[in-house]
Every structure is written in structure tokens, then in C-alpha cells.
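# Geometric and topological summary
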Amino acid sequence: MKKFFIILAMAAASIHLAAQEDGQTCSVTIKSDQFRSNVAPDGFSIYMIDKKTGATWKEGYEYFNHTDTTFFLPAGLYGIELRRYSNGSVIGRDRNFLLKKSEKREDLAYRGVIEVSPGSDNTYYLKSYSENLNFALLSASYNLMSPKMQYGKLASADLFKIGLFSGYTTSLIKAHCIQASQLKSPSTKEHYFTGSLLFLNGEYRVGGAIDKSLDACFLFGYSITPELRRWIYMTQNVPAFDHVDEKEMFFGAEISTRIPTANISFRAGYRIERGNLNIFDEKLQKYTVIPFDGSGVIATVTIALGDRNSKGFNIKRVYFK
């Protein structure tokens, strides 16, 4: 019986100590690469919300070169958001926070959860996401096609890849290399080059972070190369040339890095690609049209290069770490 009361007293003391610790105020230091990104004239805000009580804390800055920030908070779990804003005309609204009119055109820089506990360092370094309208100056992709796919799009290169809104990206110029060596055609060329322009190509990603420097997402992509054959027939000033017209859609999943300047991704999924190889016959003065279907399962490796504020790929973020 004596042992029972001793155990009961120890348990009560533990509960009392835990309750004390739970209400204890702790120093929390937030660091981020965004704090020194030197992107004037943007402002910046840090929001924290207590997961248990719903209480919120905020630090806001009207200038771009602020440094590390320290909060004094009770112990517990907190949601944290880093948000860029500018003096635009569109009032921003977030799922968790309503913004003042002076804080407009919001851009989510980071969202996650941190734990604040007594006796711990409570210092967090948060890697921000790529800024809106800022993705990659140049990217190159190579398709690892299955042995059964003897022709179709082998590689692509993008110039000025722009994130127009969260998740959606299009390239000013997107060039393709088509593998055509196994097609039955009068041409002996192994590869043909084609491409598309702004809005005739695009990618849409939905996903989020799986690590501090890694993202994962579902990906839909498309690319359209218009048919030029009839336009060349109607235009007297443009000499006829061999070319490819094709349409492509891709459905799959992707894992990618999220670091400044240079990033790499690996995707796998199913590609629907249909088009025509247009070979001009000089003697007959007309085109021989060879249809092809390059649909099938593919895997793609992509390298993207941007500036130091391009951090990872443009993703509609629906889950956070």
C-alpha cells in the first residue's frame, strides 16, 4: 500500500511538472534564407499559430534586409508561415490569417510546423520556396524511354520557364528532339527537332515538401507543335523544310530538389504523344506525311537553372513539412 501511494505521488508530481513546462515561456529563433534574399521592395511577415489554443503571433517588416527573428512563446506545437507581400492592388487572404489592406499580393514563402520546448535550443532554419513568376532561366530534360518505344520525344530544352501562378509553369520557348530512326520514311535522319511557344506548352504540379530540401508532386504536362505543312503550302516566301508536328500530354509523379539556383527532378508516368513526320520531296514538290505514336511509360530527368531566388519547382502546395 505504501508503494502505491509513492507511485501515485510521483505521477502527480510528473503531471504538475509537465503542466508547468507546458505554460513556460521559451525563446524561439527563426532563421531563413529568405531574410537575406535582398528582393526589394517586398515586405515580409512571419505568422505563428498555437496548434492547441489557436492564438497567433506575427512579426512584419516593411523592408527587405531584415535578419533573424526571436519570439517568446509558451511551450507547444506551432504552425509557422513566412509570407512575402508587396504594395499591389489585390488584397491577400490566407486560410488561417486575414491580412491588413497594407499587406497585399501575398506569396507563400514557407509553411510548416515547429515544436517549442523548454531546455531546447528552439532555433529553426527554414528554407523558403521559389518566388512567384521566378522559376528557371534554362532547363533540360532527357526521357528514359522503354525499349519498346523506338521513336518519340527523346529530350527537351526550355528557355525562360515562368511560373504564372501557383503550380502552373509555361516556357517562352520549348524545343524538342524527336527520335525517328525506326520510322519507315524516305528520310535517313535519326533525329528531328521541333518546339512550341508560350502557352502552347505547360506543366501543372500539385504536392508539397517531403524534406527540407525535397518536394514531391503529381504532375500534368502538355506540349503542342502546330502543323506547319499547310501554312508552308500557302506561303510563297517560306521554303519548304522537313519538320514534325505533334501533341503530347503527360500524367505522372515527380520528386525534385528545392535549393537556390540549380535543381534536379525525376519524374515517371504515362505519355500520350501523337504526331506526324513531314518529309518534303523536292522532285514531287510535296510532303510525305508519316504518322507516329510515341505513347507509353517514360521516366524523365530534368536539370533547371535559375537565379538565387529560384528555389525548386513551381508547385501548388497542399501539404507541408
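The present account deals with the structure reproduced in this document. All residue numbers here refer to positions counted from 1 along the written sequence of the relevant chain. Selection of residues for local features in this predicted model requires a pLDDT of at least 70, selection of side-chain atom pairs for listing and counting requires 80 or more, and totals for whole chains, interfaces and linings are taken over all residues. Calculation of side-chain values draws on the structure's entire complement of heavy atoms; hydrogens and water are dropped beforehand.

## Some details on the packing of aromatic side chains
The geometry of an aromatic ring pair is captured by two quantities: the separation of the ring centres and the angle between the planes. Note the cut-off: Between 30 and 60 degrees the pair is tilted, below 30 it is stacked and above 60 it is edge-to-face, where a pair is any two Phe, Tyr or Trp rings, Trp via its six-membered ring, whose centres lie within 6.5 Å. Helix numbering and strand numbering both begin at the N terminus, where a helix is a DSSP run of H or I of at least 4 residues and a strand a DSSP run of E of at least 2. The rule is short: NZ of Lys or CZ of Arg within 6 Å of the ring centre and within 35 degrees of the ring normal puts a charge over the ring.
The full count for this structure, using the stated rule, is five aromatic pairs. A ring pair is formed by F220 and F251, whose centres lie 5.3 Å apart and whose planes are at 45°; its orientation type is tilted. Here F220 is found in strand 13 (residues 214-225), whereas its partner F251 is found in strand 14 (residues 243-257), with 31 residues between them in sequence. Put simply, the rings of F220, Y222 and F251 touch in pairs and so form one group of aromatic residues. In this structure, R267 is placed above the aromatic ring of F250, and the distance from its NZ or CZ to the ring centre is 5.8 Å. Between the NZ or CZ atom of R317 and the centre of the ring of Y129, over which it lies, the distance is 3.8 Å.

## Let's talk about the pattern of salt bridges
Selection rule: The term salt bridge refers to a pairing of a side-chain nitrogen on Lys or Arg with a carboxyl oxygen on Asp or Glu at a separation within 4 Å. The buried label goes to any residue with under 20% of its type's maximum accessible area, the exposed label to any with over 50%, and the partly exposed label to all in between, with areas taken from a 1.4 Å probe on protein chains only.
Counted according to the given criterion, the structure contains 14 salt bridges. With its nearest N and O atoms 2.8 Å apart, the salt bridge here joins R111 to E81. Placement of the pair is R111 in strand 6 (residues 104-116) and E81 in strand 5 (residues 76-91), with a sequence separation of 30 residues. Given a relative accessible area of 10%, R111 falls into the buried group. Between D293 and R274 there is a salt bridge, with the nearest N and O atoms lying 3.2 Å from each other. Here D293 is found in strand 16 (residues 286-293), whereas its partner R274 is found in strand 15 (residues 262-281), with 19 residues between them in sequence. Since its relative accessible area comes to 36%, D293 is described here as partly exposed.

## With respect to the pairing of strand 16
The following threshold applies: When DSSP finds two or more bridges between a pair of strands, those strands are recorded as paired.
In the sheet, strand 15 pairs with strand 16 via eight bridges, with the strands oriented antiparallel. Bridge pairing in strand 16 links R274 to D293. Hairpin geometry of strand 15 and strand 16 is characterised by an intervening segment of four residues between the two adjacent antiparallel strands and by a positive phi of about 55° at Q285.

## Here's the deal with the side chain of K311
To be explicit about the condition: Here a polar contact is recorded for every N or O atom pair within 3.5 Å, except that within protein the pair must consist of a potential hydrogen donor and a potential acceptor, and residues adjacent in sequence are included only if both atoms are side-chain atoms.
Position of K311 among the secondary structure elements: in the loop between strand 17 (296-305) and strand 18 (316-319). Overall, K311 belongs to the buried group, its relative accessible area being 3%. A polar atom in the side chain of K311 sits 2.8 Å from the side chain of S128.

## Considering the sheet that holds strand 4 (residues 69-74)
So the rule is basically this: Helix axes use the C-alpha atoms of the stretch in contact, all axes being lines fitted to C-alpha atoms, and the angles between their N-to-C directions lie in the range 0 to 180 degrees.
Pairing is mixed in the open sheet, where three strands are placed in the order 4-1-7. For this open sheet the edge positions go to strand 4 and strand 7 (123-126), each flanked by a neighbour on one side alone. When the angles between neighbouring strand axes are averaged without regard to direction, this sheet yields 30°. Note: strand 1 (residues 25-32) against strand 4, six bridges, orientation antiparallel. When the bridges of strand 4 are listed, C26 appears paired with L73.

## Remarks on the environment of A304
Convention followed: The contact definition used throughout considers only heavy atoms, calling two residues in contact when any of these lie within 4.5 Å.
Here A304 is to be found in strand 17. Taking relative accessible area as the criterion, A304 reaches 5% and is therefore assigned buried. Among all residues touching A304, those that are not within four sequence positions of it are A136, L138, S139, T261, A262, N263 and F313.

## Description of the environment of L214
Its place among the elements puts L214 in strand 13. Sequence separation between L214 and G312 is 98 residues; the distance between their C-alpha atoms is 8.3 Å. Apart from residues lying up to four places away in sequence, L214 is in contact with A209, S256, T257 and R258.

## What about unusual backbone geometry?
With the exception of glycine, the majority of residues adopt a negative phi angle, and the majority of peptide bonds are in the trans configuration. The backbone of F199 sits at a positive phi, close to 75°, despite the residue not being glycine. Inspection of the secondary structure puts F199 in the loop between strand 11 (191-197) and strand 12 (201-211). Notably, T261 is not glycine yet its phi reads approximately 75°, a positive angle. With respect to the element layout, T261 can be found in the loop between strand 14 and strand 15. For T261, a relative accessible area of 35% gives the class partly exposed.

## Here's the deal with the environment of Q285
Position of Q285 relative to the elements: it lies in the loop between strand 15 and strand 16. Separated by 45 residues in the primary sequence, Q285 and A240 place their C-alpha atoms 8.8 Å from one another.

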